[in-house]
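Residues per chain are reported as follows:
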Amino acid sequence: MRPPIHSPVVKIAKGTFYRQHPNASSVHPNPALFRELDFTLPSSTNPRTHWCVIGPSLSGKTTFLRLLRGEHLCIPATARTYPYLSSDAVPHKLRVPSRAIRYVGFNNDSLTPGVTTSAYLAARYESKRENTDFSLRDFLLGNTALNTLERNREDEPDPQLLDKVVTDLKLSELLDLPVAFLSNGQGRRARIARALLTAPEVLLLDEPFMGLDPPTVAGLSPLLHGMASKASPRIVLSARPQDPIPDWISNLVYLRADCQVAAMGEKNAVLESLRKYVRGVWSGAVSEDDKLAVHHLVQMGKILTSKGVQGEALMKHEALKDGHSEATSANTRTPRKIGEPLVEMEGCQVQYRGKVALGNWKEQVNGREREGLTWTVRRGERWGIFGPNGSGKTTIVSLICSDHPQTYSMPIKLFGRSRLPEPGSGALPLTFWDIQSRIGHSSPEIHQHMPRNLTVRQVIENAWADTFRSRAKLDDSAKAKVEACLQWFAAELNPAHPKESVPAPTIDHDLKWADNYMFGELSSSAQRVALFLRAIVKNPDIVVLDEACSGMDDGVRDKCLLFLEAGQRKQYKKLSDGSEVIVESEAAKAGTVEVEGLTDNQALICISHVREEIPNCIREWICLPEANSRMPARFGVADAPLGCDEKSWREIWGMGNN
């Protein structure tokens, strides 16, 4: 007898999960995940039930989503069932959980299986040599295998569904573009589109809004709501505590730091229970649970609507009233010394096959009309680059880092020199290696290219190497800086380090773990930390942070941004009530600081769509227009740190004050 069609898609009753069998011997820890979990994902749309799984980094959000599609070992095995998938309402090909329930993740994933294998970033713009050279249309249709006989005709999408999906996700104009040329945000939409073309019963989206610009987020959320409301497909999201919750989400799961459920149920009830917990900790009536950090919870509660992010964090008013405001950077008002130009662009236009990808506008420069982007970055300046996905932000970075082959023909000067010297000048050309040695760079593209078989230490030492796989050339000072970074961020980089709610900088003199753990064995958040340190550790002339903090939880992010500005001189100190203050570090008191932080001789360029991920020292900003709008780029200077300057943030995005 078939189950009724209104049976749950997923039903878990008192199930406990393991990555490996609990009796198996392993060198890696194998703790119980989500002990005695009860969870039901209904098949019916009445009443509408839309789930979002929230938790800080390493709390198990991805693990929770993946166990819904049958991954990980469930004990007892009968605790996890899929009644609806056995009903006549489900096509035969979707009666297997792994096919009916699709997972879409975005952390450092390229659009192809495996890791991108080129030795340097410029290879993405060169002749067709890699497996990422197929078009977006091929990617969506599944035409990416070298052996066409491997294709399953049943997996080919319906043409009408293809047209609808690419239209809804605004991918129509990108179909013939190589996927290697897609921006980070466009790549995210492409992954969602490919999953939708399989017509799954359930779509699991792991932090889908991370890395997208505010207007795109505001447009994508209603689209997902429309699909979820019709159960076509049903959607389960995950998010970080600081991320706004879509207004159509009805139910929440909040995870502890040890891969256990802290609260689950109707959205408002979960938020109220967490609010009571925070109040109890602040009043002293309740002791703070190390696995349920208060500083994560106070960030929750903002709502994502079709008009953008609205509302305020869960405890904002009470935090301000009771003196629990967040710590701010110690040097945001420090006077700066602005020096010589490091980057000079005078009318830059980047074109692909006749289409202008960057600089498709005219602007007034010194009383003269000039086509393309005109922009100067000087020593001591702290720039933010903003703009919609696909507007050319990453293209600008590729021009600065000289990864883009059109750099040679552009009116660009780097460090006061052109890539190609004037004929007869006798000057040597400015080589790719000269430029790379003076720039520190962290980005999703770097994340994709970094070899997974390098050790943690080798990733940070790679700042002194010519390519990702060449040997680093370190002197004693460089070795000391690497050691200092590993010690300062041991809690974030060492998978075996005891987890605390707010890891404080600890001096871990035994750094054998840094030589034993491979980059690929780290969590995505830890990988981002390692790449962040690689970008700043050698105090390069230009630091480029392209979504460098994306994927980090707020505590790790704040620690990284403070380290960027102050190095080992400052650190966060947690008070008994859960709040944090910035204090002078023990290393500064002892005079053992190896990493000083940003100096007036350096320029900082930061790209992010999330206000809280922008360093407090950022003042100058440029906002690129929508691609092919022919509107010029806008420039400005923020009056205060953008993390707390709502007026400047809305001005940047042209979203008004409402």
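Scroll up to find the structure this text is about.
Attention in this report is confined to the structure presented alongside it. (Residues numbered from 1 in each chain as written. Predicted model: local features only at pLDDT ≥ 70, side-chain atom pairs only at ≥ 80, totals over all residues. Heavy atoms only, no water.)

1. A look at the packing of aromatic side chains
Each aromatic ring pair is summarised here by two numbers: the centre-to-centre distance and the angle between the ring planes. Summed over all chains, the structure comprises eight aromatic pairs. Measuring from centroid to centroid gives 4.8 Å for Phe39 and Trp51, while their planes differ by 55°, and the two rings are tilted. On the criterion of sequence distance, the pair formed by Phe39 in strand 2 (residues 33-41) and Trp51 in strand 3 (residues 51-54) is long-range, its members being twelve residues apart. Phe39 sits in the buried class, given a relative accessible area of 2%. With a centroid separation of 5.4 Å and an interplanar angle of 85°, the aromatic rings of Trp375 and Trp383 are classed as edge-to-face. In terms of burial, Trp375 and Trp383 fall into one category: buried. By way of ring pairs, the aromatic residues Phe34, Phe39, Trp51 and Phe64 are connected into one cluster. The positively charged end of Arg194 is found above the aromatic ring belonging to Phe139, 4.6 Å away from the centroid. (Phe/Tyr/Trp six-rings, centres within 6.5 Å; stacked < 30°, edge-to-face > 60°. Helix = DSSP H or I, 4+ residues; strand = E, 2+ residues; numbered from the N terminus. Buried < 20%, exposed > 50% of the residue type's maximum accessible area, 1.4 Å probe, protein only. Lys NZ or Arg CZ within 6 Å of the ring centre and 35° of its normal.)

2. Some details on the side chain of Arg382
Along the chain, Arg382 falls in strand 20 (residues 382-386). Of the side chains with opposite charge, Asp600 comes closest to the buried, unpaired Arg382, at an N-O distance of 4.6 Å. At a separation of 3.0 Å, a polar atom in the side chain of Arg382 contacts the main-chain carbonyl oxygen of Thr599. When residues no more than four places from it in sequence are discounted, the contact partners of Arg382 are Arg336, Leu598, Thr599, Asp600, Gln602, Ala603, Leu604, Cys617, Ile618, Arg619 and Glu620. (Lys, Arg positive; Asp, Glu negative; His and termini not counted. Salt bridge = Lys/Arg side-chain N within 4 Å of Asp/Glu carboxyl O. Polar contact = N/O pair within 3.5 Å; in protein donor to acceptor, adjacent residues only side chain to side chain. Contact = heavy atoms within 4.5 Å.)

3. Focus on the sheet that holds strand 8 (residues 234-239)
Within the open sheet, the six strands sit side by side as 6-7-8-3-10-11. Their pairing is mixed. The open sheet has two free edges, formed respectively by strand 6 (101-104) and strand 11 (261-266), since each of these has just one partner strand. When the angles between neighbouring strand axes are averaged without regard to direction, this sheet yields 15°. Two strands pair when backbone bridges link them, and strand 3 and strand 10 (residues 251-255) are joined in this way by four bridges, in the parallel orientation. The partner of Val53 across the bridge, within strand 10, is Val253. On top of the sheet, helix 1 (residues 61-68) reaches strand 3, strand 6, strand 7 (202-206), strand 8, strand 10 and strand 11; it is set at about 160° to strand 8, its chief contact. (Pairing = 2+ DSSP bridges. Axes fitted to C-alpha atoms, helices over the stretch in contact; angles between N-to-C directions.)

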